[in-house]
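Structural overview
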Amino acid sequence: MLERVRGILFHPAEAFKEARQDALSDAFKYFLPWLVFLAVLLTALVFGALNATGISALLSEFFPLVVGGTFAGVLVGGFLLILYGSVWLHILVFLLGGRKGLTQTFKAVAYGATPIYVLGWLPGPNILIAPIWALIVVISGVMQLQEMTSGKAILVVLLALLIPLVIALAVAFAVLMPMLQPFLAPPPS
């Protein structure tokens with residue numbers, strides 16, 4: 001597993017070429033332990049932060065629920081995010097000519113998230129570094145596993161991010177504008 005991690009992080013094109021023959025179960029066996037690892041570390045960080053700030057005393061009755069909820073939320077959220085991301089990305093891959101199947105797209109996303117598994121729990125600059133690195137690795141995965149050009153792979157991944165972002169911003173704008181209208185109207189004369 002560590003050899004796979006090193007390959008994905010530092011030589012993604014070669015690592016994804018080797019992963020072409022991996023079964024869907026291989027990708028799950030790779031990603032699930034990393035997801036549990038990330039959930040444990042993030043839960044420990046929340047636990048430590050709540051204890052350090054004294055909030056844990058205020059939440060004493062609910063503290064186990066908060067910590068357990070953090071762990072469960074990271075597990076369930078991460079699992080759903082990988083599934084949603086894979087299906088959504090695959091729809092766009094298919095529209096732009098990728099015909100190697102959903103399993104290959106899932107592997108690109110599951111293996112491509114390795115920088116987040118490894119660095120995502122660290123505070124500070126890793127909040128930006130890990131996701132950007134993961135995007136680059138996912139692009140490489142789409143190129144290798146779906147046998148797409150670099151331009152199409154970049155376009156597919158960017159569209160997979162931008163379309164939901166634009167929709168979310170449009171919905172937020174539509175919801176917030178009526179609430180803000182009284183504050184934006186000119187004052188009565």
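Residues numbered from 1 in each chain as written. Predicted model: local features only at pLDDT ≥ 70, side-chain atom pairs only at ≥ 80, totals over all residues. Heavy atoms only, no water.

A separate point is the nonpolar core. Grouped together as the largest cluster of nonpolar side chains are 32 residues, with contacts concentrated most on Y30, F31, I82, L89, Y111, Y117 and V142. Listed by contribution, the elements that provide at least two residues to this core are α1 (2-10), α2 (12-19), α3 (24-53), α5 (63-95), α6 (102-112), α8 (126-145) and α9 (150-184). Those residues in contact with Y117 that sit more than four places away from it in its chain are Y30, F31, W34, F37, L38, I82 and A110. (Core = buried A, V, L, I, M, F, W, Y, C linked by side-chain atoms within 4.5 Å. Buried < 20%, exposed > 50% of the residue type's maximum accessible area, 1.4 Å probe, protein only. Helix = DSSP H or I, 4+ residues; strand = E, 2+ residues; numbered from the N terminus. Contact = heavy atoms within 4.5 Å.)

Atom-level detail of predicted coordinates should not be read off regions where pLDDT is low. When pLDDT is averaged across the protein, the result is 91; 96% of the residues are at 70 or more. Within the protein, the element-level pLDDT minimum falls on helix α4 (residues 55-58), averaging 67, and the maximum on α6, averaging 98. (pLDDT = per-residue confidence, 0-100.)

Turning our eyes to something else, we now look at the packing of α8 against α9. Their axes nearest at 9 Å, the elements α8 and α9 cross at an angle of 130°. Regarding the angle of α8 to α9, the classification is oblique. Relative to α9, the crossing made by α8 is right-handed. Facing L135, V138, I139, V142 and M143 of α8, the residues of α9 in contact are S150, A153, I154, V157 and L161. Across the contact of α8 with α9, the residue classes break down as nine nonpolar, one polar and no charged. (Axes fitted to C-alpha atoms, helices over the stretch in contact; angles between N-to-C directions. Parallel < 35°, antiparallel > 145°, perpendicular 65-115°, else oblique. Left-handed = near helix turned anticlockwise from the far one by under 90°. Nonpolar A, V, L, I, M, F, W, Y, C, P; charged D, E, K, R; others polar.)

Let us look at the pattern of salt bridges. Here the structure, examined in full by the defined rule, presents three salt bridges. Between R6 and E3 there is a salt bridge, and its shortest N-O distance comes to 2.9 Å. A residue pair is termed a helical-turn pair when its members lie 3 or 4 positions apart in one helix, as R6 and E3 do in helix α1 at three residues. On the accessibility criterion, E3 (56% relative accessible area) is exposed. For D22, the salt bridge goes to R4, with nearest N and O atoms at 2.6 Å. With D22 in the loop between α2 and α3 and R4 in helix α1, this residue pair connects regions lying 18 residues apart in the sequence. In this structure D22 comes out as buried when scored by relative accessible area, which is 16%. (Salt bridge = Lys/Arg side-chain N within 4 Å of Asp/Glu carboxyl O.)

Turning next to α5. Taking 1.5 Å as the rise per residue, α5 with 33 residues should run 48 Å; its terminal C-alpha atoms sit 47 Å apart, in good agreement. When we look at burial in α5, the residues that qualify are F63, V67, T70, V74, G78, I82, G85, S86, L89, H90, L92 and V93. Just beyond α5, the residue with positive phi is G97, at close to 105°. (Expected span 1.5 Å × (residues − 1).)

Before going further, it helps to spend a moment on unusual backbone geometry. The backbone phi angle of E147 is positive, close to 55°, even though this residue is not glycine. Inspection of the secondary structure assignment puts E147 in the loop between α8 and α9.

Let us now look at the packing of aromatic side chains. Under the defined criterion, the tally for this structure stands at 10 aromatic pairs. Arranged with centres 6.1 Å apart and planes meeting at 15°, the rings of F31 and F79 form a pair that is stacked. Of this pair, F31 sits in helix α3 while F79 sits in helix α5; the two residues are 48 residues apart in sequence, bridging distant segments of the chain. Pairing W34 with F37 gives two aromatic rings, centres 5.4 Å apart and planes at 85°, and the pair type is edge-to-face. Remark: F37 and W34 occur in helix α3; sequence separation between them is three residues, near one turn of the helix. A relative accessible area of 37% places F37 in the partly exposed class. One aromatic cluster is present, formed by Y30, W34, F37, Y111 and Y117 through successive ring pairs. The ring of Y111 is capped by R4, whose NZ or CZ atom sits 4.8 Å from the centre of that ring. (Phe/Tyr/Trp six-rings, centres within 6.5 Å; stacked < 30°, edge-to-face > 60°. Lys NZ or Arg CZ within 6 Å of the ring centre and 35° of its normal.)

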